[in-house]
Amino acid sequence: ETIKEKSNISYQRIMLVYTNTDIAVQKNFYSMLQQYATTSEAFIINRVETPDKDARGRSYGVADLQTLYKLGKERPQLHAGYDCFVWDRRLTPFLRLYVRGLFVGYPPVGKHLKDAMNCISGKHFREIRGKKYTFHVGDRNGGWSQFPEFEHYNRKAAKRAEADFPSIFSSSFRRNRIAACNAAREAAMNDDDNQNNNNNNLVCLAHEELRLRSFLRWDQPGSEWPPKPVVK
């Protein structure tokens with residue numbers, strides 16, 4: 001999904017919105033996103049959790065949508081996980097590079113995408129807690145243990161990303177994740193500046209890297225399943 005934030009008459013910022021499939025949004029969701037987009041390039045909205053059954057034990061369904069909207073406004077926002085992400089479209093190639101070793105559905109993909117947005121956007125990133133813009137029916141979390149190898153691979157890939165991401169940049173950034181993230185943001189947000197070849201080169205480099213290696217393989221040394229026992 002996209003939203004457009006009008007900061008002045010001659011410019012529109014296009015924001016991308018990504019949520020888990022089981023996240024519902026309140027009726028004022030997009031109007032609030034427009035307001036946040038005036039001051040932030042990337043932000044995360046934490047959800048409210050509602051009951052999945054009424055007082056009689058009947059499961060909520062489609063006919064109960066208005067009741068669920070109401071519960072989503074009444075219940076406190078306490079959930080700490082990450083499942084609704086909004087970012088400036090220009091940041092997309094660098095965010096993709098940062099998270100390309102992970103897949104959705106298993107931890108820590110939400111936290112890892114949050115870390116990518118925070119690193120690349122820096123002080124322009126915001127985490128929105130305590131508000132009631134999204135909700136989830138039911139408070140069940142986790143349940144990943146039935147396929148523990150997938151979480152194992154994801155955690156290995158997330159750990160490697162801190163080194164993998166800066167490795168595509170020039171030697172001056174190759175061992176410095178923060179410097180690489182700062183350079184990525186500068187290039188992405190100023191890509192329309194034809195006077196700056198460095199910006200254009202970094203954006204082109206990101207697209208070419210994604211074209212060649214859009215997904216980093218899991219089968220790297222140390223990522224075997226089941227994990228090898230540690231020999232003391």
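Structure's up top.
Residues numbered from 1 in each chain as written. Predicted model: local features only at pLDDT ≥ 70, side-chain atom pairs only at ≥ 80, totals over all residues. Heavy atoms only, no water.

(A) Spotlight on the environment of Val109. For Val109, the location among the structural elements is in helix 4 (residues 109-121). When its relative accessible area of 25% is taken as the criterion, Val109 is described as partly exposed. For the pair Val109 and Val99, spaced 10 residues apart in the sequence, the C-alpha separation amounts to 8.0 Å. Not counting residues within four places of it along the chain, the set of residues in contact with Val109 comprises Leu102, Phe103, Val104 and Asn154. (Helix = DSSP H or I, 4+ residues; strand = E, 2+ residues; numbered from the N terminus. Buried < 20%, exposed > 50% of the residue type's maximum accessible area, 1.4 Å probe, protein only. Contact = heavy atoms within 4.5 Å.)

(B) Quick look at the environment of Arg140. On the secondary structure map, Arg140 appears in the loop between strand 8 (134-137) and helix 5 (148-164). Residues Arg140 and Pro51 lie 89 residues apart in sequence; the distance between their C-alpha atoms is 9.8 Å.

(C) Examining the packing of aromatic side chains more closely. Tallying each qualifying case throughout the model produces 9 aromatic pairs. Seen from their ring centres, Tyr98 and Phe165 are 5.1 Å apart, and the 45 degrees between their planes marks the pair as tilted. Of this pair, Tyr98 sits in helix 3 (residues 92-99) while Phe165 sits in the loop between helix 5 and helix 6 (177-189), and the two are 67 residues apart along the sequence. Both residues of the pair, Tyr98 and Phe165, belong to the buried class. Chaining the aromatic ring pairs together yields one cluster made of Tyr36, Phe43 and Tyr133. For the cation-ring pair, Lys27 lies above Tyr69, with the distance from its terminal atom to the ring centre recorded as 5.2 Å. (Phe/Tyr/Trp six-rings, centres within 6.5 Å; stacked < 30°, edge-to-face > 60°. Lys NZ or Arg CZ within 6 Å of the ring centre and 35° of its normal.)

(D) Examining unusual backbone geometry more closely. Residue Pro108 is reached from Pro107 by a cis peptide bond, and omega for that bond is 0 degrees. Along the chain, the position of Pro108 falls in the loop between helix 3 and helix 4.

(E) Highlighting the pattern of salt bridges. For the coordinates displayed, the defined rule picks out 17 salt bridges. Asp115 is the partner of Lys114 in a salt bridge, and the nearest nitrogen-oxygen pair spans 3.4 Å. You can call Asp115 partly exposed: its relative accessible area is 23%. (Salt bridge = Lys/Arg side-chain N within 4 Å of Asp/Glu carboxyl O.)

(F) Seen up close, helix 5. Compared with the 24 Å implied by 1.5 Å per residue over 17 residues, the 24 Å span of helix 5 between its first and last C-alpha is a close match. Of the surrounding elements, those touching the buried residues of helix 5 are helix 3 and helix 4. (Expected span 1.5 Å × (residues − 1).)

(G) Structural context of the sheet that holds strand 5 (residues 48-50). Strand order in the open sheet formed by 3 strands is 3-8-5, and the pairing between neighbours is mixed. This sheet does not close on itself; its edge strands, each paired only once, are strand 3 (24-25) and strand 5. The pairing of strand 3 with strand 8 spans 2 bridges and is classified as antiparallel. Residue pairing across strands places Ala24 opposite Phe135, the latter belonging to strand 8. (Pairing = 2+ DSSP bridges.)

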